[in-house]
Amino acid sequence: MEINWFTVIAQIVNFLILVWLLKRFLYKPVLEAIDAREKKIALQLKEAATKKAEAKKDQDLFRQKNEYFDKERVAIMNAVHEQVDAEKQRLFEEVRQESTVLRSKFEESLKQQEQDITNRFKIKTKDAVFQIAKKTLSDLADVSLEQQVVTVFIHKIRNLDGAAKTKFIEALKNSDGLITISSVFDLTDNSKQQLEKALEKITEKQNDFQYELEPELVSGIKIETATYQLSWTIDSYLEALKKESIITKDKENAIN
Amino acid sequence: MRISPDQLVFWEYGFISLNLTIVTTWVLMFLLALGAWLVTRNLKSEIKTSRWQNVLEMLVIMIRDQIKEVGLKKPDKYIGFIGTLFLFIAVSNLLTIVPWYEAPTGSLSTTAALAISVFIAVPVFGIADGGLKGYLRSYLQPNFIMLPFNIISEISRTLALAVRLFGNIMSGGLIATVLISIVPFFFPMIMSALGLLTGMIQAYIFAILATVYIAAATQDEEEIEGSG
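Conventions adopted
Counting restarts for each chain, with residues numbered from 1 along the sequence as it is written. Lettering of chains starts at A and numbering of ligands starts at 1, both following the order in which they are written. Restriction of local features to residues with pLDDT of at least 70 applies here, the model being predicted, together with a cutoff of 80 or more for giving and counting side-chain atom pairs; totals for whole chains, interfaces and linings are based on all residues. To obtain the side-chain values, all non-hydrogen atoms of the structure were used and water was disregarded. Strands are runs of DSSP state E lasting at least 2 residues, helices are runs of H or I lasting at least 4, and numbering of each runs from the N terminus. Note on contacts: a residue pair is in contact if any heavy atoms of the two residues lie within 4.5 Å. Here the quantity called buried area is the total loss of accessible area, with a 1.4 Å probe, experienced by two parts when brought into contact, counted for both. Salt bridge, as applied in this entry: a Lys or Arg side-chain nitrogen positioned within 4 Å of an Asp or Glu carboxyl oxygen. Within 3.5 Å is the distance limit for a polar contact, defined as a pair of N or O atoms, with the added protein rule that one can donate a hydrogen and the other accept it, and that residues adjacent in sequence qualify only through two side-chain atoms. The residue classification treats Ala, Val, Leu, Ile, Met, Phe, Trp, Tyr, Cys and Pro as nonpolar and Asp, Glu, Lys and Arg as charged. All others, Gly included, are polar. Angular values range over 0 to 180 degrees, each being the angle between N-to-C directions of two axes fitted as lines to C-alpha atoms, with helices fitted over their stretch in contact. The labels follow the angle: roughly parallel below 35 degrees, roughly antiparallel above 145, roughly perpendicular from 65 to 115, and oblique for the rest. To estimate the expected span of a helix, count its residues, drop one, and scale the result by 1.5 Å. UniProt positions are given in the numbering used here, feature names are shortened, and annotations may be inferred rather than shown by experiment. Only protein chains enter the calculation, and the probe is 1.4 Å; a residue is then buried if its accessible area is under 20% of its type maximum, exposed if over 50%, and partly exposed in between. Working definition: a ring pair exists when centres of Phe, Tyr or Trp rings (six-membered ring for Trp) sit within 6.5 Å. Plane angles under 30 degrees give stacked, over 60 give edge-to-face, the rest tilted. Like-charged residues within 9 Å of one another, or nonpolar side chains (Val, Leu, Ile, Met, Phe, Trp, Tyr) within 5 Å, are grouped into patches, provided each residue has over 30% relative accessible area and no salt bridge. In short, Shrake-Rupley with a 1.4 Å probe defines the accessible areas, and a residue's cover is counted only from the protein chains shown. To form a nonpolar core, buried Ala, Val, Leu, Ile, Met, Phe, Trp, Tyr and Cys residues must be joined to one another through side-chain atoms within 4.5 Å.

**What about unusual backbone geometry?**
- Backbone geometry at Trp100(B) places phi at a positive 65°, although glycine is not the residue there.
- With respect to the helices and strands, Trp100(B) occurs in the loop between α3 (75-94) and α4 (108-137).

So this is what it looks like as C-alpha cells:
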C-alpha cells in the first residue's frame, strides 16, 4: 500500500504517450472518417434532392406534353374521321352518279335497240309492202309499182295546196339548178322524163337532175334541194305496222 | 502475498525500477496502439465499412456523446484525454480474465498517476478555454470565502479519484485471490465476472468524473450553470 514515485512518474509519461498514440491512430482518423462520411451523405442527399426535383420537373413536362399530344391526337383523329366521312360521301355520290349514268346509258341503249328493231321492222315491212304491191299491180293491172309510185308522186306534186305549193316552187327555183331525186328503186327513163317534165311545168324553168339510189329510204321517192325536201311516203301503212311491232316487242320483253 | 504489481521488480538501478506495473502498461499501450493502427490504417468514408471500423466508430462516437452530455460543447478537443483515460482503464481492467495478469490499475502508483494527470489537466483545459483569469475566477465562486474550500475540494477529489480506482481494482483482485484459497472452484469465477463489471464501471466513473471536473473548469460549464 505504498506509492512508488518513480512508477507514478513513469505511468504519467506512459499515459501521455498513450494519449498521443491513440489521438494519432484512433480518434483523429476515426473522427475524420465519420466527418467525411457525414459530408458525403449530406452531399448525396442534396444531390438526390436535386435529382428528385429535376425528375419532378421532367415528369411534369412529360405529363404536359402527353396531355398536349393526346389532345392533338384526338383533334387529328376527329379531322381524319371527318375527312374519311366526306371522302366516303363523295365516293358514294360518285358511284351513284356513275350508276345513274350507266343506267341512263343502258336505258338509252335499250331505247336504241328498240328503235333499231322498229327500224328494221319498218324496212322489212316496207320491202314486203313494196313486193306485195309490186306483185299485185303487175299481176292484176300490168302496171309496175315503180311507175305507179312516180305517177302518184307527180300527181301529189300537182295537187299540192296553196302555201305548200308556193314553198315548193320557191325552193326549186332557188336550188341553183341541182335537184336530187332519191328512190329505193332504179327509175326508168320514162319515169325520169315524166318527173322532169312535171317539175319543169311547175317551176317553169329548166333544171339539172341528179338521181340517187337509197335503199334505206322509207318513202318511195324523195325530191331534195339544198333547203327543201319532199317525199312520197307510205306513212299510213308504217304507222299501223309500228304499233304492231311495239306490241310484239312488249311480248318479247315479257318472255325475257 | 503481493498486493500491488509494483512489488514485482524486474530490474532496478537506484531510483529507477522496472516493475510489473510499468511492463504491463507498456504491453497494454502496445496492444491499444497496434489495434487502433491495424483498424484505422485503411479507413473508408463510404457508406459500407468494415466490422472493426464500425466497432471503433461506435466506441469513439459513444465517448464523444458522453462528453457532450456532461456539458462540454466541443468534445473533439477533450476526447484525446478523456477517451484515453476510459480506454486504458477499461482495457486494463477487462484483461483480468487473462490468467496471471495483474491489472496496472491495481497499483496505487498507476491510479495516482492518472489522478495527478486529471489534477493537472483540469487547470490546463480551463486556462486554455477561458484564459488564466477566467480559470482563477472559478475558485472565487460563488464568492471569495469559498476559495480555501475550492482548493481543498480540488486536491481531495484528486485523491479520491486515485484511491477509488485503486481500491476497487485491488480489492477485486484480492478477493479473487483470497477466495481461490478458500473455495477453489466456481465461486472465484463469479467474483471474476463481477470484477469485470466493477472494472468497467470504474473506468466509466473515472472518465466521467474527469469530464465533469474539466467541464466545471471551462467556460462552457459556467455558461450552462449561469443559464440554468
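**Side note on the interface of chain A and chain B**
- Across the contact, 32 residues belong to chain A and 46 residues belong to chain B.
- Together, the buried faces of chain A and chain B total about 3600 Å²; carbon and sulfur atoms form 75% of this surface.
- A per-residue breakdown of the area chain A buries against chain B is headed by Phe6(A), Phe15(A) and Tyr27(A), which together make up 18% of the total.
- Here chain A is connected to chain B by one salt bridge.
- Between Arg37(A) and Glu57(B) there is a salt bridge, with the nearest N and O atoms lying 2.2 Å from each other.
- Applying the counting criterion to the chain A and chain B interface returns nine residue pairs in polar contact (both at pLDDT 80 or more).
- By residue class, the composition of the side of chain A that touches chain B is 23 nonpolar, five polar and four charged.

**Concerning the packing of helix α5 (residues 147-182) of chain B against helix α6 (residues 187-217) of chain B**
All names here are of chain B.
- Contact pair α5 / α6: the axes reach a minimum separation of 9 Å and the direction vectors enclose 175°. Considered as vectors, α5 and α6 are oriented roughly antiparallel to each other. On α6, the residues touching Arg157, Leu161, Arg164, Leu165, Asn168, Ile169, Ile175, Leu179 and Ile180 of α5 are Phe187, Pro188, Met191, Gly199, Gln202, Ile205, Phe206, Leu209 and Tyr213.
- Its residues assigned to classes, the contact of α5 with α6 comprises 13 nonpolar, three polar and two charged.

**Here we look at α5(B)**
- Between its first and last C-alpha atoms α5(B) spans 51 Å; for 36 residues at 1.5 Å apiece the expected length is 52 Å, and the two agree.
- Against α3, α4 and α6 of chain B lie the buried residues of α5(B).

**A closer look at the UniProt feature "transmembrane region" (unreviewed entry) in chain B**
All names here are of chain B.
- Summarizing the sequence annotation, UniProt attributes the feature "transmembrane region" (unreviewed entry) to residues 20-39, 78-101, 113-132, 169-187 and 194-216 in the numbering used throughout.
- The span residues 20-39 is 100% helical and 0% strand by assignment, and the distance between its end C-alpha atoms comes to 28 Å.
- With 100% helix and 0% strand, residues 113-132 has its two end C-alpha atoms placed 25 Å apart.

**What about the environment of Leu43(B)?**
- Within the secondary structure, Leu43(B) is located in the loop between α1 (20-40) and α2 (51-70).
- In this structure Leu43(B) comes out as partly exposed when scored by relative accessible area, which is 23%.
- Residues Leu43(B) and Gln53(B), spaced 10 residues apart in sequence, show a C-alpha to C-alpha distance of 7.0 Å.
- Ignoring anything within four residues of it in the chain, the contact list for Leu43(B) reads Pro29(A), Val30(A), Ala33(A) and Gln53(B).

**Digging into the packing of aromatic side chains**
- Per the stated rule, a full pass over the model turns up seven aromatic pairs over all chains.
- With a centroid separation of 6.2 Å and an interplanar angle of 50°, the aromatic rings of Tyr68(A) and Phe69(A) are classed as tilted.
- An angle of 75° between the planes, with centres 5.0 Å apart, marks the rings of Tyr78(B) and Phe125(B) as edge-to-face. Of the two residues, Tyr78(B) sits in helix α3 while Phe125(B) sits in helix α4, which places them 47 residues apart along the sequence.
- For Phe125(B), a relative accessible area of 16% puts it in the buried group.

**A closer look at the pattern of salt bridges**
- Inspection of every chain in the model, using the stated rule, returns nine salt bridges over all chains.
- For the salt bridge of Asp60(A) with Lys56(A), the shortest nitrogen-to-oxygen distance reads 3.2 Å. Residue Asp60(A) and its partner Lys56(A) are located together in helix α1 (residues 5-141), separated by four residues, close to a single helical turn.
- A relative accessible area of 32% places Asp60(A) in the partly exposed class.
- Between Asp129(B) and Lys77(B) there is a salt bridge, with the nearest N and O atoms lying 3.3 Å from each other. A residue pair is termed long-range when its members are at least 10 positions apart, and Asp129(B) in helix α4 and Lys77(B) in helix α3 qualify at 52 residues.

**Some thoughts on a nonpolar patch on the surface**
Residue and element names in this part refer to chain B.
- On the surface, a nonpolar cluster with roughly 1100 Å² of combined accessible area is contributed by Phe119, Ile120, Val124, Leu140, Phe144, Ile145, Met146, Leu147, Phe149, Ile151, Ile152 and Ile155.
- Those elements that provide at least two residues to the nonpolar patch are α4 and α5.
- Of all the elements, α5 adds the most residues to the nonpolar patch, at five residues.
- In this structure, Met146 sits in the loop between α4 and α5.
- Using a relative accessible area of 31% as the deciding quantity, one classes Met146 as partly exposed.

**Let's talk about the side chain of Glu57(B)**
- Turning to its location among the elements, Glu57(B) is positioned in helix α2.
- Not counting chain neighbours up to four residues away, the residues in contact with Glu57(B) comprise Val30(A), Ala33(A), Ile34(A) and Arg37(A).

**Quick look at the UniProt feature "coiled-coil region" (unreviewed entry) in chain A**
- Summarizing the sequence annotation, UniProt attributes the feature "coiled-coil region" (unreviewed entry) to residues 185-212 of chain A in the numbering used throughout.
- With 54% helix and 18% strand, residues 185-212 of chain A has its two end C-alpha atoms placed 9 Å apart.

**Details of the nonpolar core**
- Ranked by internal contacts, the top residues of the largest apolar core, which has 55 residues, are Leu26(A), Phe81(B), Leu85(B) and Val118(B).
- Secondary structure elements with two or more residues in this core: α1 of chain A together with α1, α2, α3, α4, α5 and α6 of chain B.
- Looking at which element gives the most residues to this core, the answer is α1(A), with 11 residues.
- Each residue touching Phe81(B), except ones within four places of it in the same chain, is listed here: Phe15(A), Val19(A), Ser117(B), Val118(B), Ala121(B), Phe125(B) and Ile214(B).
- Grouped together as the second largest cluster of nonpolar side chains are 24 residues, Ile179(A), Ala198(A), Ile202(A) and Tyr228(A) included.

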